[in-house]
Each structure stands twice: as structure tokens, then as C-alpha cells.
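Residues per chain are reported as follows:
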Amino acid sequence: MSASHVQIAELIEVSLDDINIPPGNHRQDLGDLNGLAESIRTIGLVQPITVRQRDAGGYELVAGQRRLAAARLAGLTLLPAVVRGYADVESRKAMAVENLNRKDLEPLEAAAAYQDLLDLGIGNDEVAALAGTSTQQVSDHTSLLSLPRKVRRELAGGAIDYPTALLLTQLADTPERLTRALHNARNGWSLTSAVQHELHERELERKTESSRAELEKRGVPIIERPRDSFSPRARVRRLGNGWGCIPLTQAKHAREACHAAYIEEHTGDIVFVCIDVQRHVGVVPGIEAPADAKAERAAKRSERQAQRRALAERRALLTRHLQSIDDDAAAANHHAQQIGRASCRERV
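None of these values were measured; they are calculated from a predicted model.

(A) Quick look at the overall build of the protein chain. In terms of helices and strands, the protein chain carries twelve helices and eight strands. The proportion of buried residues among the 348 residues of the protein chain is 34%. Taking the intrachain contacts of the protein chain between residues at least 6 apart in sequence as the baseline, contacts between residues at least 24 apart amount to 62%. As displayed, the protein chain offers around 21,800 Å² of accessible surface, 50% of which is attributable to carbon and sulfur atoms.

(B) View of the nonpolar core. Counting residues in each nonpolar core, the largest one holds 18 residues, and the members touching the most others are Ile49, Val51 and Leu79. Among the secondary structure elements, those contributing two or more residues to this core are β1 (10–15), α1 (34–43), β3 (49–53), β4 (59–63), α2 (65–74) and β5 (78–84). Of all the elements, α2 adds the most residues to this core, at four residues. In contact with Leu79, other than residues within four places in its own chain, are Ile12, Glu13, Val14, Leu16, Leu45, Ile49, Leu68 and Ala71.

(C) Region of the structure containing helix α9 (residues 175–185). Of all the residues in α9, the buried ones are Arg177, Leu178, Ala181, Leu182 and Asn184. With its buried residues spanning 165 degrees around the axis, α9 presents them on a single face. Those residues of α9 that are buried lie in contact with α7 (149–157), α8 (162–168) and α10 (191–218).

(D) Layout of the sheet that holds strand β8 (residues 270–274). Strand order across the open sheet formed by three strands is β6-β8-β7, with antiparallel pairing between neighbours. The strands lining the two open edges of the sheet, one partner per strand, are β6 (237–238) and β7 (259–263). As judged from the two bridges shared by β6 and β8, these two strands associate in the antiparallel manner. From the neighbouring strand, Arg237 faces β8, where its bridge partner is Cys274.

(E) Representation of the pattern of salt bridges within the structure. Under the defined criterion, the tally for this structure stands at eleven salt bridges. Its salt-bridge partner being Glu205, residue Arg177 comes within 3.2 Å of it at the nearest N-O pair. One end of the pair, Arg177, is in helix α9; the other, Glu205, is in helix α10, and 28 residues separate them in sequence. Between Glu214 and Arg218 there is a salt bridge; the shortest N-O distance is 2.8 Å. Placement of both Glu214 and Arg218 in helix α10 is noted, with a separation of four residues, approximately one turn of the helix. The network of salt bridges with shared partners includes Arg177, Arg180, Glu198 and Glu205.

(F) The sheet that holds β1, seen in detail. The five strands lie next to each other as β1-β5-β3-β4-β2, forming an open sheet whose pairing is mixed. Bordering the open sheet on either side are β1 and β2 (19–20), each of which pairs with just one other strand. As paired strands, β2 and β4 are joined by two bridges and run parallel to one another. Opposite Ile19, over in β4, you have Tyr59 as the bridge partner. Where α2 meets the sheet, it contacts β2, β3, β4 and β5, and its direction lies at approximately 120 degrees from that of β4.

(G) Up close: the packing of α1 against α2. Close contact between α1 and α2 brings their axes to 8 Å; oriented N to C, the two are set at 65 degrees. By the criterion of interaxial angle, the relationship of α1 to α2 is roughly perpendicular. The chirality of how α1 crosses α2 is right-handed. In this structure, α1 contributes Asn34, Leu36, Ala37, Ile40 and Arg41 to the contact, and α2 contributes Arg66, Arg67, Ala70, Ala71, Leu73 and Ala74. Partitioning the contact of α1 with α2 into residue classes produces seven nonpolar, one polar and three charged.

(H) Layout of a nonpolar patch on the surface. Taken together, the side chains of Leu318, Leu322 and Ile325 define a hydrophobic patch exposed on the protein surface, amounting to about 270 Å² of accessible area. Relative to the assigned elements, Ile325 resides in helix α12 (residues 293–347).

(I) Focus on a positive patch on the surface. Together, Arg297, Arg301, Arg304, Arg308 and Arg309 make up a positively charged patch on the protein surface. Take Arg309: it is sitting in helix α12.

(J) How the structure looks around the pairing of β5. As judged from the six bridges shared by β1 and β5, these two strands associate in the antiparallel manner. What sits directly across from Leu11, in β5, is Val82. Note: β3 against β5, four bridges, orientation parallel. Each bridged residue has a counterpart across the sheet, and for Val51 the counterpart in β5 is Val83.

Cut-offs and rules
- Residues numbered from 1 in each chain as written.
- Predicted model: local features only at pLDDT ≥ 70, side-chain atom pairs only at ≥ 80, totals over all residues.
- Heavy atoms only, no water.
- Helix = DSSP H or I, 4+ residues; strand = E, 2+ residues; numbered from the N terminus.
- Buried < 20%, exposed > 50% of the residue type's maximum accessible area, 1.4 Å probe, protein only.
- Contact = heavy atoms within 4.5 Å.
- Areas by Shrake-Rupley, 256 points an atom, 1.4 Å probe, with all protein chains shown as cover.
- Core = buried A, V, L, I, M, F, W, Y, C linked by side-chain atoms within 4.5 Å.
- Arc of directions from axis to C-beta.
- Pairing = 2+ DSSP bridges.
- Salt bridge = Lys/Arg side-chain N within 4 Å of Asp/Glu carboxyl O.
- Axes fitted to C-alpha atoms, helices over the stretch in contact; angles between N-to-C directions.
- Parallel < 35°, antiparallel > 145°, perpendicular 65-115°, else oblique.
- Left-handed = near helix turned anticlockwise from the far one by under 90°.
- Nonpolar A, V, L, I, M, F, W, Y, C, P; charged D, E, K, R; others polar.
- Patch = residues over 30% accessible without salt bridge, like charges linked within 9 Å, V, L, I, M, F, W, Y side chains within 5 Å.
- Lys, Arg positive; Asp, Glu negative; His and termini not counted.
- Charge placed at Lys NZ, Arg CZ, Asp CG, Glu CD.

Written out as C-alpha cells, the structure is:
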């Protein structure tokens, strides 16, 4: 029967040479075809393939790629086929649904099929209903398509599994962090910890950039985090009501020439500070004028001189005491010698 006379949904026999496999077919791995080919040789093809007519002649496969490949392997030249009058959109939809109903579908194959349906303008809910799954499954699978090509190859080759790939999709927009998380996971970290660490670092980086942009937009000078911004003697002090802070609001202090801010390195938060607290002496309670530096140096010098004099006096006193001890010992020795000589004369 010629193609021009084929009616919609009519079962015919089609030459395998007339069947074209469209490039949009998502099935990558057909598996072992030997068993199916042997079955086809013995009893024939039980379930016909589905095709549609092409404008250029011949047919385009809609469903049954594995059966078609097994029929070629079995040496068949003709194959029973159901011809459908599908338009392009309907054909893609039927092909995607047929693939999604397979039990051995790989994650990336499912992702491509879901995405194909979504690209046709079908909503998540309808796609999920067509595939007999949940909208979350549809979203999870399509997120795999955002992974870098290298990671998708590892997933397709079995180097990483679906749950691992799904975790990594959270870092798909920052490939260098994704690579680092994989490296850490292969060197002792749990994958969850590695991904969470990179997510935290990414969020911190984004918040820091946002804080910097906000300060630059407002014209607030940005300084490095001071080593000490709490001590009452610190020249740079934080604004606010906490311990060691200057009790001024950021809005009120913003008009001052000493107004500035730094970005907290561990959180990315903006911390407003005063970089010259002495400007507020007599205006803000708790800020005292600095001591006279010259008088302070003179006092310290006098203190050191007094300490040196006291040390010299202690040394002199100790020297006199030791000398007195030496003198007493010499006198006692002389007296003992005289007694000894007198005793000798008396014996003589």
C-alpha cells in the first residue's frame, strides 16, 4: 500500500529502509538487543512500532526504537507499523511520553524527555500527569540539564549516581564551586557537607558583594575591619548601643566626615563605624579628651628615674651590710688568733 493512501492509525507493513529516526529521540542506550532479536526471528514482532508520514517521503519513527533496532539485528526487511497522522508537536509529545513510560530510562534521558514536553508549552502539572509522576520529579530531572557537560558525562557513564548529581545541581551556576565540592567529597568530606560548605561560601560572597555595592552607592567609605572597635580607647568605634559603641544612629552619624563602614568577613553584614571618635568629645557621653601626651611622657620619665634611684639605694644598703659582716668576721678571727698565741706561752 502506498504512503499516499495510508489512513490515520492504520496498521501496515513498512520497509525498514523507509523509516527515519528523528534527532530528537532521547534514548541513548538501547541495551542488549540479542534476546529481543531472537524473539522476533521466532515469533515475529508482537507490538508494532508507531510512525508518521514524512512530507519528503517515507516514515518517521514515533515509538519503538528498540524494537526497530532488534528487527534490523534479526534480519527483517519489513516491519508492522501503526501510522499516525501526527503533526510535529504531536509527534514530539508522543515520542517523549513513550520514552518516559520505559522502566529502564536513564536520568538524563528522562530529563531530556521532560524538557522536550515543557518546550512544547506543556505545564509541569500536565507533564507529570503524562509521565505518571510528580511535579517535583519533573523539576528534579530537568535540573540535571543545568549541570556542566563534564558532570553530565560522569552521570551518564555511572561515575556519579542520580542522588549525587541532584545535590550538585544546587551549584550548577558556579562550576568552579561544583568542581571543588566534588574534589572535597572524593577526599574525605561527605558530599552533603561539601555542597553545603560551597553553598555557604557562595551566599557569603554574594552578600559581601551586595553590601559593598550598597555602600559604594551611598558613598560611604569602606575600611578594613579594625582590630579593636570596642575598647573605650579605640580611635575607631562601632555605632550603636552595645558595649564599647558610640551611642549614635547610623542615620545621624552619616552626615559626619568621620562616618565609614566595614564588611564583616564571616557574615557579609555592613558595620557602620566612626573613624575619629575625638570629634565627638563633649557631645557624645562617654568620650573623653585624650591626655596631654607631653605631660604623660614626663610623668613616666620621672617614674622611671625614681625607680632607678630606689634601686641604687637598695644596692648601696646591701653593700654596706655585707661590708659590716666582713669586718665583724675579720675582728673575730684576729681575737681568736690572740687567744691561741696566749695559750701557747702559758704551756711553755
